[in-house]
Structures are given as structure tokens and as C-alpha cells.
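Below are the chains, spelled out letter by letter.
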Amino acid sequence: MAGTDQQDYGRGLWSGVAAYGIWGLFPLFWPLLEPGAADDILANRMVWSLVAVVLLLIAQRHWGWIRPLLRQPRRLAMLAGAAAVISVNWGVYIWAVNAGHVVETSLGYFINPLVTIAFGVLVLKERLRTAQWTAVGIGAAAVAVLAVAYGQLPWIALTLALSFATYGLLKKQVGLSGLESLAAESAFMFPFALGYLVHLEVSGRGTFGHTVAGSYGWGHSGLLMLSGVITAIPLLLFGAAAVRVPLTVLGLLQYLAPVFQFLIGVAVFHESMPPARWAGFGLVWAALALLTWDALRQVRADRAVRAAARPQPAPAEAAAPAEAAAPAEAAVTR
């Protein structure tokens, strides 16, 4: 049994690494879809995401969750909100990557845990430990430093962080798995995305199904269709990881994506990183290091409390004397 558990843990760990690794490598994919504009790419991603997720649901014969969901207007409303927010996140991310702001997109996902904690306080009325407050304060200082470094608020990073934190908050309230949530959200987005693709086609701005000599061919349409698949696959891998590894491990793995994005922005696309930006990123990383240390410390403390509360069996040699003493103790108490 221990061997099976270890194998499950290993599969879960590598599934998590693969999921966050794919998300981290996304900046290498979106430029391949040019000369499609960000709105064209986004609409195609929405449409083909639904196609991909429906095929996955057919393969898994996983439909039982739909009917109960349709009878719950509040959850449907939250899913519609989640679909709108993640659409903003996807659109800003795609535009930013193709406009040469990969490093700033990585900043958005670096500060996302700090924004999520702030949401926990403001929306869910959660109480923070001292280390968490300190980490949030350092994160706020980092944003101030980066605002000076960029000459303006890092709006791309803040938009990505705020939209994804809002998305996470809504998903927490809805309580669906990653695949189910993507299916519902894609269903909400599909008619708008399809209508927009028709608009692009009528206005002559659409690129799907077209070829332009010396610019792009049928492979471009294939890549647009592939955007739905690469949206669904990491979610499946994440789902496999979530049921096999502790949340603390997933919490550490989540930093793989922005690390990969940052490295791609600096090493592949050669984006500028003057000293002031390094200072701002350094503050963000310090805040995340403090947050991670506090989370691990809290996990160890919780385990120690559970271990202390667990009843300990009496040693065999002490059982008989204890039983013999029981009548005498009972007589005294009476």
C-alpha cells in the first residue's frame, strides 16, 4: 500500500510540474499565432476550448454534474462572472505577450498569491498571521518601486493578478473541478466568441481559414485550433495533481509558471531589466519567500497539534496494573 501511495504521489507531482510547466511556456506559443491580433486569438481560444473540453467530457462520459448545476442560478451567475473575468485575463495576457511584455506578465502571477491573501481579508474576512501581513506589505512596496521603474503603475501585472485572484475567488464559491469549470465557462463564452469571429470575418480582419502568401498558411488555422487543446491539457494535469499531492506542494509548484515566464522574457525575448526593476522583483520574491516559509511552518505546527491530539495506545506491560488499580480508584471516587 505504501508503494502504491508513493507511485500516486510521484504521478501527482509530475502532473503538477507538467501543468505549471505548460502554463509557464505559454509565452512561446502565442507569438506563433501572429499575424492574428490579440482579439482574434482570444476569440479562437474561447471557441476551440469548448470543442476540446466537450471531446474530453465525451471520452470520460462525465455529464452528471450538468443537470444539478442548471438548477442552481446562483452558481450559474458566479460561473458567468468567472467566465467574464478569465476572458479579461486571457485577453490581456495574450496581448501583453505578443506586445513584448512577458516579464510584466510574470510579475502578475508572482504577485497573484499576495492579491489572493488580500482578497481573503477584504472579502472572506479571514485573519492573517504576522508573516502574511508582512509579506503583503512587502508586496505593496514592490508595486510602488516597480511603478517608479516603469514610469507608471505596472497595469498589466496588476490586471492579471486582480483578474486571476477574482477568478479564483469565484471558483472557490462554485466548487467545480477544473475540467467542469472550464466546460461551463467556455459554454458561457462560446456564443460571444463565435459571434465576434463572424464579425472579424465580415470585416476582413479574421485569420482563421485564410492563407496569405508570404505571411501565413493553413498551419496558422491549425495552431488557432490547438489553442483550445493547450488550454484544456494543463487543467487535466492540474486536476490529476490536486488529488494526489498536498496543497502545500501545489502551492510551491505554482511558482514554476511565472519563473518560466520571467526566464523566457529575459533570456529568449531579451526584455529590458534595469536595476530598479530588479529591485522591485527582488522585493516580490522576498515577499513570496516569507509567505512560503510561513505556510510551511504552519503546516508543521498543524501536524504537531494533530499528532499530540491522537490517542496513544497504552503499553502492553502496563495494561494489567492499570486494570488492577481501577477498582481501588473507583472506590476512592465513590
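In what follows, the structure referred to is the one given above.
Per chain, residue numbering runs from 1 following the sequence as it is written. Two thresholds apply to this predicted model, a pLDDT of at least 70 for residue-level local features and 80 or more for giving and counting side-chain atom pairs, whereas whole-chain, interface and lining totals are computed over all residues. Here the side-chain values reflect all heavy atoms present in the structure, with hydrogen atoms and water set aside.

Caption draft 1: Layout of the overall build of the protein. Per the secondary structure count, the protein includes 13 helices and 0 strands. Secondary structure elements are taken from DSSP: a helix is a run of H or I of four residues or more, a strand is a run of E of two residues or more, and numbering for both begins at the N terminus. When the helices and strands of the protein are listed from N to C terminus, the series reads α-α-α-α-α-α-α-α-α-α-α-α-α. Atoms considered for the radius of gyration are the C-alpha atoms alone. The globule rule reads 2.2 Å times the number of residues to the power 0.38. Whereas a compact globule of 334 residues would reach a radius of gyration of roughly 20 Å, the protein reaches 25 Å, over 25% beyond that. In terms of principal-axis extent, the alpha carbons of the protein reach across some 100 × 55 × 40 Å. Categorising residues by exposure relies on relative accessible area from a 1.4 Å probe, with only protein chains included: less than 20% of the type maximum marks a residue as buried, more than 50% marks it as exposed, and the intermediate range marks it as partly exposed. Every one of the 334 residues in the protein was classed for burial, and the buried ones make up 40%. Here the analysis covers contacts within the protein between residues at least 6 apart in sequence; of these, 82% occur between residues at least 24 apart. Throughout, a contact is declared for two residues whenever any of their heavy atoms are within 4.5 Å.

Caption draft 2: Spatial organisation of the packing of helix α4 (residues 73-98) against helix α7 (residues 155-174). Where α4 contacts α7, the axes come no closer than 9 Å and their chain directions differ by 155 degrees. Between α4 and α7, the interaxial angle falls into the category roughly antiparallel. In the crossing of α4 with α7, the sense of the turn from one axis to the other is left-handed. Partitioned by chemical class, the residues of the contact of α4 with α7 number 17 nonpolar, 6 polar and 1 charged. For helices, the axis comes from a line fit to the C-alpha atoms of the stretch in contact; other axes are also lines fit to C-alpha atoms, and the angle between any two N-to-C directions lies between 0 and 180 degrees. Any angle from 65 to 115 degrees is called roughly perpendicular, while one under 35 is roughly parallel, one over 145 is roughly antiparallel, and all others are oblique. The crossing is said to be left-handed when, going from far helix to near helix, the turn is anticlockwise and less than a right angle, and right-handed when the turn is clockwise. Classification convention: Asp, Glu, Lys, Arg as charged; Ala, Val, Leu, Ile, Met, Phe, Trp, Tyr, Cys, Pro as nonpolar; all other residues, Gly among them, as polar.

Caption draft 3: Spotlight on the environment of Leu33. Structurally, Leu33 can be placed in the loop between α1 (2-29) and α2 (38-60). Its relative accessible area of 0% is what places Leu33 among the buried residues. Once the C-alpha coordinates of Leu33 and Ile230 are considered, the two residues, 197 residues apart in sequence, prove to be 13 Å apart. Contacts of Leu33, omitting those with residues within four sequence positions, involve Ile41, His220, Leu223 and Leu224.

Caption draft 4: How the structure looks around a positive patch on the surface. Each patch groups residues whose relative accessible area exceeds 30% and which form no salt bridge, using 9 Å between like charges and 5 Å between nonpolar side chains of Val, Leu, Ile, Met, Phe, Trp and Tyr. Per-residue and other accessible areas follow the Shrake-Rupley method at a 1.4 Å probe size, with only the shown protein chains counted as cover for residues. Criterion for a salt bridge: a side-chain nitrogen of Lys or Arg within 4 Å of a carboxyl oxygen of Asp or Glu. Residues scored as charged are limited to Lys and Arg (positive) and Asp and Glu (negative), so that His and the chain ends carry no count. Charge coordinates come from a single atom per side chain, which is NZ of Lys, CZ of Arg, CG of Asp or CD of Glu. Together, Arg300, Arg303, Arg306 and Arg310 make up a region of like positive charge exposed at the surface. Counting through the fold element by element, Arg303 comes out in helix α12 (residues 275-309).

Caption draft 5: Fine view of the packing of aromatic side chains. The pairing test for Phe, Tyr and Trp rings, Trp by its six-membered ring, is centres within 6.5 Å, and the orientation test on the planes gives stacked under 30 degrees, edge-to-face over 60, and tilted for anything in between. What the rule picks out here adds up to 16 aromatic pairs. Considering the side-chain rings of Trp23 and Phe238, the 6.2 Å spacing of their centres and the 50 degrees angle between planes classify their relative orientation as tilted. Of the two residues, Trp23 sits in helix α1 while Phe238 sits in helix α9 (residues 218-242), which places them 215 residues apart along the sequence. On the accessibility criterion, Trp23 (22% relative accessible area) is partly exposed. With a relative accessible area of 26%, Phe238 lands in the partly exposed category. A ring pair is formed by Phe281 and Trp285, whose centres lie 5.7 Å apart and whose planes are at 55 degrees; its orientation type is tilted. Placement of both Phe281 and Trp285 in helix α12 is noted, with a separation of 4 residues, approximately one turn of the helix. Classification of Phe281 as buried rests on a relative accessible area of 0%. Joined through ring pairs, the aromatic side chains of Phe110, Phe262, Trp278, Phe281 and Trp285 make up one cluster.

Caption draft 6: Summary view of the side chain of Ser87. Structurally, Ser87 is set in helix α4. Ser87 gets classed as buried once you look at its relative accessible area, which sits at 14%. Among the polar contacts made by the side chain of Ser87, one reaches the main-chain carbonyl oxygen of Ala83 at a distance of 2.7 Å. Whenever a nitrogen or oxygen atom comes within 3.5 Å of another N or O atom, the pair is scored as a polar contact, on the condition that within protein one atom can donate a hydrogen and the other can accept it, and that pairs from neighbouring residues in sequence are kept only if both atoms are in side chains.

Caption draft 7: A look at the nonpolar core. Residues Trp30, Trp65, Trp90 and Tyr93 are the most contacted members of the largest nonpolar core, which totals 46 residues. Of all the elements in the fold, those that place two or more residues in this core are α1, α2, α4, α5 (102-122), α7, α8 (178-203) and α9. The biggest single contributor to this core is α4, with 12 residues. Excluding anything up to four places from it in sequence, Trp30 contacts Ile41, Arg45, Tyr93, Ile94, Val97, Asn98, Ser227 and Ile230. With 26 residues, the next largest nonpolar core counts Ile117, Val136, Met273 and Val284 among its residues. We define a nonpolar core as any set of buried Ala, Val, Leu, Ile, Met, Phe, Trp, Tyr and Cys residues linked to one another through side-chain atoms lying within 4.5 Å.

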